[in-house]
Amino acid sequence: MPKLIKQRRVVEDSWQTLFLQPGEEPETMIIPPGPVLVPLAVWELQRLELRERNDPVGVWLGPEDEPAVIADDLVYLPVIAVRFPHFKDGRGYSTAALLRRRYGYTGELRAIGDVLRDQMFYLHRVGFDAFEPRADRCIEGALAALDDFSVTYQGAHVQDQPLFRRRAA
Amino acid sequence: MYRYDDYDRTLVRERVAQFRNQTERFLAGQLSVEEFRFLRVQNGLYIQRHAPMLRIAVPYGLLSSTQLRGLAHVARRYDRGYGHFTTRLNFQLNWPELPRVPDILAELAEVEMHAIQTSGNCIRNTTVDPLAGVGHREVADPRPWAEIIRQWSTLHPEFAYLPRKFKIAVSGGPDDDANVRIHDMGFQLVRRDDELGFRVWVGGGLGRTPILAQVINGFLPWQHLITYAEAVMRVYNRFGRRDNPFKARIKILVKALGAEEFARQVEAEWAHTKYGPATLTQTEVDRVSAYFTQPPYQTSLPATDGALDQARRNDKAFDRWVENSVHAHRVVGYVAVTLSLKAPGRRPGDITSEQLESVAGLAERFSFGEVRITQTQNIILPDIRCADLYLLWQELVHLGLATPATGLLTDITCCPGGDLCELANARSVPIANGIQALFTDQNTVEDIGELKLNISGCMNACGHHHVGHIGVLGVDKQGKEFYQVTLGGAWGMEAALGKVIGPSLAANDVPGAVSRIVEHYRSIRNPGERFIDTLRRAGVDGFKAEAYRNVSPAEQEREAVNA
Ligand code: SF4
């Protein structure tokens, strides 16, 4: 089973991330049993069926997906993943920030795709608490990178008060 | 001047450790070339034509004597004993060795310096007016706000992988010597009734598609500086183009949406975060401002100094230098002084370790131990007693830092260009030196008066050629170096983008063309009229005809074919 960093521990990942194959339509995509992360388009079109399902279901968002679309569905989603097709595409950081701070999502927020140790600190701060580091890299290194810095100036999901509000008066 | 506290010190040291680890992993083959590229540029490290280049931040252009000595030390120990001040308030080392860069950064951290976010698609070093805190017409000192922005933007988790680089300027008042209009986002301090706030500009930038910033908020009360900036950044991070790096700057997004629509989206975003924890407090602004209080000026100095006047009368060279290098100061009996890094025949902006150390000593002796770096690649000593000017000048002459050219034609702003820069289309320094060589007569240069001449070696416009009254841009024509000339650019609140006057010129023809353009100005100007004003009044055609007058027809024809 693939590995996942979840709440600062390396764990086995039982979730399967589903992608639309060429020619496959979101309305008719067949959802296999077991815990799955479906593309946003599939969630939007199969929402009612998916909510009725026995196995857990989550959604993954690409960089262009608008998180407001699932703002009313958050209670049904134990896991939301944000996919980074390339680590240099930083839109997912704003997606995470919006899900946590604007829409108040409290479930598992997972970074998937081109997730590397050098982005871990930032990813964690904007609200990710689960990470699928790229399979060819050392997962322990990624875990350690969560603590690259002990100091932060600005507020974010993790430590929402900027430094100037935390200083001793 | 701002001093690090334990938080700053810890953060910069942890950043050095992180970068050391990244460098080691790269050297061990655990990071790909591309992955390391994105990581190293966020710490100012380029791989250049001949060697790596390390870009060190000079936050909003301020340096202490200790920091000057620190730069001198790393330049000597890890490089060839000199470095280069850029138009973007950075200090560049041209020949460091990659495995030793973490050691350089560790040494810099000891003098409260770093290379964090001096490159890469993130928020860069903030620019302020070079005479911040001493200028006459200042509404408020921009430096505390720039320091607040520095802290907020340093390792900002949401905005480290923007579509493209992002540059911010804060200007202290109506003159805008920070050039907010050529920055991605600019904050211009304004007062409304008794309230302090900012006029907010966005969408400026030079490069391939030069655009001047537009106002998206006429008055932003100071408390909201950071929440508003975050709203701008978030709209840009989410909706800025990422499919084409040449269209990825915020200016393209603002242009595509229109400033009004962009402002509306920012407002909509801001509505959610306004009054949030990032709202600034008076306590914080006071805390940061306390680092930028006035130095202990001598009070009740005379406005004029008899000895100074006498020295000027007796020493023509000194008089010239005073005329061209000294700026008015808010405190009676003091002036600010430009130390010119434009000695003819040298690379503009270059400085040796010995010079850096000497400047550190002079700053301590005469100017409370602080200097400023300018966007025109010079150094300013901000607080000089008039009575010390003659002594100071003699020292500067000795150091080669007293070229009396500030603000004049030979004070050329020029990027490193093809001699060093990997991205260059053409060399820029030989053009600057060639023009300087045609204007060796100081009387002529002074007679020409205020004239900004800017040279860039490629589209990236590090030499800010678009906003030079005369701009020169290196272009590559089938492997040969050619140069486009632009006229009519300007800085600050009168900012304008220069227009290309015609086919590009061979390197040999550029100094002559500049010279004829300038001669034309002298022949048609009204008494007291600046170059830029004559150009605006008379139009570009006459200048253009002069520029091409002596260029060999073969050259022009070949150009036309290639154009
Ligand atoms: S303008 Fe071009 S050549 Fe000059 S320093 Fe910038 S990138 Fe290099």
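How each quantity is defined
- Residues numbered from 1 in each chain as written.
- Chains lettered and ligands numbered in written order.
- Predicted model: local features only at pLDDT ≥ 70, side-chain atom pairs only at ≥ 80, totals over all residues.
- Heavy atoms only, no water.
- Helix = DSSP H or I, 4+ residues; strand = E, 2+ residues; numbered from the N terminus.
- Rg over C-alpha atoms; globule rule 2.2 N^0.38 Å.
- Buried < 20%, exposed > 50% of the residue type's maximum accessible area, 1.4 Å probe, protein only.
- Contact = heavy atoms within 4.5 Å.
- Areas by Shrake-Rupley, 256 points an atom, 1.4 Å probe, with all protein chains shown as cover.
- Lys, Arg positive; Asp, Glu negative; His and termini not counted.
- Charge placed at Lys NZ, Arg CZ, Asp CG, Glu CD.
- Domains from an automatic or database assignment.
- Buried area = accessible area lost by both parts, 1.4 Å probe.
- Salt bridge = Lys/Arg side-chain N within 4 Å of Asp/Glu carboxyl O.
- Polar contact = N/O pair within 3.5 Å; in protein donor to acceptor, adjacent residues only side chain to side chain.
- Nonpolar A, V, L, I, M, F, W, Y, C, P; charged D, E, K, R; others polar.
- Phe/Tyr/Trp six-rings, centres within 6.5 Å; stacked < 30°, edge-to-face > 60°.
- Lys NZ or Arg CZ within 6 Å of the ring centre and 35° of its normal.

(A) Looking closely at the overall build of chain B. Along the backbone of chain B there are 19 helices and 21 strands. For a compact globule of 563 residues, the expected C-alpha radius of gyration is about 24 Å, and chain B comes in at 23 Å, within 12% of that figure. Viewed in the frame of its principal axes, chain B has a C-alpha envelope of about 65 × 60 × 55 Å. Counting only residues that meet the buried cut, chain B has 64% of its 563 residues in that class. For chain B, long-range pairs separated by at least 24 residues make up 68% of all intrachain contacts whose partners lie at least 6 apart in sequence. Approximately 20500 Å² of chain B is accessible, and the part contributed by carbon and sulfur atoms is 50%. For chain B, the distance from the average position of its 64 positive side-chain charges to the average position of its 65 negative side-chain charges is 4 Å.

(B) Fine view of the domain arrangement of chain B. Residue and element names in this part refer to chain B. Domain parsing of chain B yields domain 1 (6–110), domain 2 (134–291), domain 3 (306–399) and domain 4 (413–562). Just the C-alpha atoms count here: the centres of domain 2 and domain 4 sit 32 Å apart. Contact residues are listed per partner, giving 15 residues for domain 2 and twelve residues for domain 4. Between domain 2 and domain 4, a total of about 1100 Å² is buried, with carbon and sulfur atoms accounting for 68% of that surface. Counting every contact that joins domain 2 to domain 4 gives zero salt bridges. Our count for the domain 2 to domain 4 interface comes out at two residue pairs in polar contact (both at pLDDT 80 or more). Considered class by class, the residues forming the side of domain 2 that touches domain 4 number eight nonpolar, three polar and four charged.

(C) Just the packing of aromatic side chains, in detail. In total, this model carries 26 aromatic pairs over all chains according to the counting rule given. Considering the side-chain rings of Trp 145 of chain B and Phe 198 of chain B, the 5.3 Å spacing of their centres and the 85° angle between planes classify their relative orientation as edge-to-face. A residue pair is termed long-range when its members are at least 10 positions apart, and Trp 145 of chain B in helix 5 (residues 143–153) and Phe 198 of chain B in strand 9 (residues 195–202) qualify at 53 residues. There is no split in this pair, since Trp 145 of chain B and Phe 198 of chain B are both buried. Plain terms: the ring middles of Tyr 297 of chain B and Phe 368 of chain B are 5.7 Å apart, the flat faces sit at 85° to each other, and that makes the pair edge-to-face. Here Phe 368 of chain B lies in the loop between helix 12 (353–366) and strand 14 (370–373) and Tyr 297 of chain B lies in the loop between helix 9 (282–289) and helix 10 (306–314), a separation of 71 residues in the sequence. Clustering of aromatic rings is evident, with ring pairs tying together Phe 84, Phe 87, Tyr 93 and Phe 128 of chain A together with Phe 38 and Tyr 161 of chain B. Note that Arg 51 of chain A overlies the ring of Tyr 76 of chain A, its terminal NZ or CZ placed 3.9 Å from the centroid. Directly above the ring of Trp 95 of chain B sits Arg 80 of chain B, whose terminal nitrogen or CZ lies 3.6 Å from the centroid.

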